[in-house]
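# Results of the structural survey
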Amino acid sequence: MRRILALIAVVAVALTACAGGSNTIVATINGIDISMDDVRGLRPDTDSVGADQFASDLQLLIVNQVVRDGAAELGIVVTAEEIASELAVIIEQIEAPDPSTGASLSFEDFMAQQNLSDAIVDLAIEQQVLNEELVAYFSESVEVSEEEIQDQFDIEQQSRSEVCAAHILLDDEETATMVLDLALADGADFGALANEYSTGPTGPTGGVLGCASPANYVPEFAIATLEAELNVPYGPVRSEFGYHVLLVTQREVPVLEDIREELASTVRMAGANGAVTEWFIDLINSAVVTIDAKYGSWEDSGSGVFGVVPPDPSA
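None of the values given here were measured: they were computed from a predicted structure. Sequence order sets the numbering: in each chain, residues are counted from 1 along the sequence as written. Where totals are concerned, whole chains, interfaces and linings use all residues; where local detail is concerned, this predicted model gives features only for residues with pLDDT of at least 70, and gives and counts side-chain atom pairs only at 80 or more. Heavy atoms throughout the structure, all of them, feed into the side-chain values; hydrogens and water do not.

Another point: the overall build of the protein. The numbering of helices and of strands both runs from the N terminus, where a helix is a DSSP run of H or I of at least 4 residues and a strand a run of E of at least 2. Counting secondary structure elements, the protein contains 11 helices and nine strands. In what follows, a contact means two residues having at least one pair of non-hydrogen atoms within 4.5 Å. Partitioning the contacts of the protein with sequence separation of at least 6, the portion at a separation of at least 24 is 65%. Only the protein chains shown count as covering a residue, and every accessible area follows the Shrake-Rupley method with a 1.4 Å probe. Surface accessibility of the protein: about 17,200 Å² in total, with carbon and sulfur atoms responsible for 51%.

Now for the packing of aromatic side chains. Here a Phe, Tyr or Trp ring, Trp counted by its six-membered ring, pairs with any other such ring whose centre lies within 6.5 Å, and the pair is stacked when the planes are under 30 degrees apart, edge-to-face when over 60, and tilted otherwise. Evaluated as defined, the whole model comprises six aromatic pairs. When the centroid spacing of 6.2 Å and the interplanar angle of 55 degrees are considered together, the rings of Phe 138 and Trp 279 count as tilted. Placement of Phe 138 in helix 6 (residues 118-139) and of Trp 279 in helix 11 (residues 260-286) is noted, with a sequence separation of 141 residues between them. Neither Phe 138 nor Trp 279 differs from the other in exposure class; each is buried. The buried label goes to any residue with under 20% of its type's maximum accessible area, the exposed label to any with over 50%, and the partly exposed label to all in between, with areas taken from a 1.4 Å probe on protein chains only.

The next thing to look at is the sheet that holds strand 4 (residues 208-212). For sheets, the rule is that strands pair by backbone hydrogen bonds, running either parallel or antiparallel. Across the sheet, four strands lie side by side as 4-3-6-5; this open sheet has antiparallel pairing. In this open sheet, the two strands that pair with only one neighbour each are strand 4 and strand 5 (234-239). Taking each pair of neighbouring strands and ignoring which way they run, the sheet shows an average axis angle of 35 degrees. Any two strands between which DSSP finds at least two bridges are classified as paired. Sheet analysis places strand 5 next to strand 6 (residues 242-252), joined by four bridges and oriented antiparallel. Residue pairing across strands places Ser 239 opposite Gly 242, the latter belonging to strand 6. As a rule, the C-alpha atoms of each element are fitted with a line to give its axis, helices using only the stretch in contact, and angles between N-to-C directions run from 0 to 180 degrees. Seen against the sheet, helix 9 (residues 190-197) touches strand 3 (162-170) and strand 6 and runs at an angle of roughly 40 degrees to strand 3.

Any two cysteine sulfur atoms lying within 2.5 Å of each other are counted as a disulfide. As enumerated under the stated definition, the model contains one disulfide in all. Here Cys 164 connects covalently by a disulfide to Cys 211, the sulfurs 1.9 Å from one another. Looking down the S-S bond of the Cys 164 and Cys 211 bridge, the torsion is 105 degrees, so its handedness is right-handed. Note that Cys 164 is positioned in strand 3 and Cys 211 in strand 4, a separation of 47 residues in sequence. Judged by relative accessible area, which is 46%, Cys 211 ranks as partly exposed.

Averaged over every residue, the pLDDT of the protein is 87; the share at 70 or more is 89%. Throughout residues 1-22 the model reports pLDDT below 50, and contacts reaching past four residues in sequence, or to other chains, amount to 48 contacts. Confidence scores labelled pLDDT are given residue by residue by the predictor and lie between 0 and 100.

It is worth spelling out the environment of Pro 219 at this point. On the secondary structure map, Pro 219 appears in helix 10 (residues 219-227). Of the residues examined, Pro 219 reaches a relative accessible area of 55% and is grouped as exposed. Counting along the chain gives 61 residues from Pro 219 to Gln 158, while the straight-line C-alpha distance between them is 9.7 Å.

Looking now at a negative patch on the surface. Together, Glu 95, Glu 108, Asp 109, Asp 118 and Asp 122 line one region of the surface with negative charge. Those elements giving two or more residues to the negative patch turn out to be helix 5 (107-114) and helix 6. By definition, no residue in a patch forms a salt bridge, and every one has over 30% relative accessible area; like charges are joined within 9 Å, nonpolar side chains (Val, Leu, Ile, Met, Phe, Trp, Tyr) within 5 Å. Salt bridges are defined as contacts in which a side-chain nitrogen from Lys or Arg sits within 4 Å of a carboxyl oxygen from Asp or Glu. We treat Lys and Arg as the positive residues and Asp and Glu as the negative residues; His and chain ends play no part in the count. Taken as the charge location is NZ of Lys, CZ of Arg, CG of Asp or CD of Glu.

Bringing the packing of helix 4 (residues 80-95) against helix 5 into the picture now. Closest axis-to-axis distance for the helix 4/helix 5 pair is 9 Å, and the angle between their directions is 95 degrees. On the basis of their axis angle, the class for helix 4 and helix 5 is roughly perpendicular. Contact residues: helix 4 offers Leu 87, Ile 91, Ile 94 and Glu 95, while helix 5 offers Phe 107, Glu 108 and Phe 110. Among the residues forming the contact of helix 4 with helix 5, the class breakdown is five nonpolar, no polar and two charged. By the definition adopted for this analysis, an angle is roughly parallel if under 35 degrees, roughly antiparallel if over 145, roughly perpendicular if from 65 to 115, and oblique otherwise. Residues are sorted three ways: Asp, Glu, Lys and Arg are charged, Ala, Val, Leu, Ile, Met, Phe, Trp, Tyr, Cys and Pro are nonpolar, and all the rest, Gly among them, are polar.

Attention shifts here to the nonpolar core. Residues grouped as a nonpolar core are buried Ala, Val, Leu, Ile, Met, Phe, Trp, Tyr and Cys residues, joined through side-chain atoms within 4.5 Å. Among the nonpolar cores identified, the biggest contains 42 residues, and Leu 58, Ile 62, Leu 134 and Ile 291 are the most heavily contacted of them. At the level of secondary structure, the elements contributing two or more residues to this core comprise strand 1 (25-29), helix 2 (36-40), helix 3 (51-73), helix 4, helix 5, helix 6, helix 11 and strand 7 (289-291). Of all the elements, helix 3 adds the most residues to this core, at nine residues. Ignoring any residue separated from it by four or fewer positions in sequence, one finds Ile 291 in contact with Val 26, Ala 27, Leu 58, Ile 62, Gly 296, Ser 297, Trp 298 and Val 308.

Turning to unusual backbone geometry, a few remarks are in order. In this structure, Pro 236 follows Gly 235 across a cis peptide bond, with omega equal to -10 degrees. Topologically, Pro 236 is positioned in strand 5. With a phi close to 45 degrees, Asn 30 is a non-glycine residue in the positive phi region. A relative accessible area of 41% means that Asn 30 is categorised as partly exposed. Phi is positive for Asn 231, which is not a glycine, with a value near 60 degrees. Locating Asn 231 in the fold gives a position in the loop between helix 10 and strand 5.

Before going further, it helps to examine the sheet that holds strand 7. If you trace the three strands from one edge of the open sheet to the other, you get 2-1-7, paired in antiparallel fashion. Edge positions in the sheet fall to strand 2 (32-35) and strand 7, since each has one partner strand and no second. Ignoring strand direction, the axes of neighbouring strands in this sheet form an average angle of 20 degrees. As paired elements, strand 1 and strand 2 share four bridges and run antiparallel to each other. When the bridges of strand 2 are listed, Ile 25 appears paired with Ser 35.

Written out as structure tokens, the structure reads:
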């Protein structure tokens, strides 16, 4: 399903001209022409396309050409074999019966529903594979530090952990401190205290929250569930809901060394994606693009990245 969604998401970017137009030249990118036919070929209903949409479609074509040429300079070219392999996976996923209903959809019907042509699908797949290969290319030069691994571990620790906890929710810190003292006393019954004092919905059931990832809780409470000593009342912890006295009875947390390679890979991929983004921006901003003034201009519209700006209708 990931590949199917990716295909639909990138198909707009991949809608490059399948055949060169012979009419009016709208723009030129690094010496390569884009014709009026190329731009209008993006949409079946060309009569309803306004100036803004035309500029947007033209930008898709320009960006596609610039990225393809830039990748080729790095030695990255998507082959027909790669496209065919990805297409086979997509067809298999699309035509697989729905597990709940048993219904299936043919690839031809899918193409009709999405208004796609074979050529456009091939180009969309090319863009998807191209991005993956660019990330792989740049990942080779990304160095991962121990600090970055530790930072990633800190980010993922909550989602990778599971805690079993109960809490007592109070309205003010003074009352919460008093209840904490009661909970810490020898022989104290945490559940009974929760039933008596908690203002939260779990009070009547002893404050039991069950077992869950700390990531499911508000940040302050989540951190506390990882800091608290097991089976020792802890707090008060302030959150948007009030003041919590909590009791963690079980906790499973990841060990950094056990997931070091996964963490390093995550950091490396983030770095590679960042490098691809920088490469893309530099590539776009340095491209030699000329556009017929009737259809727009190539300039920085304020985002720091060049693009097609529609013509001023009042000019």
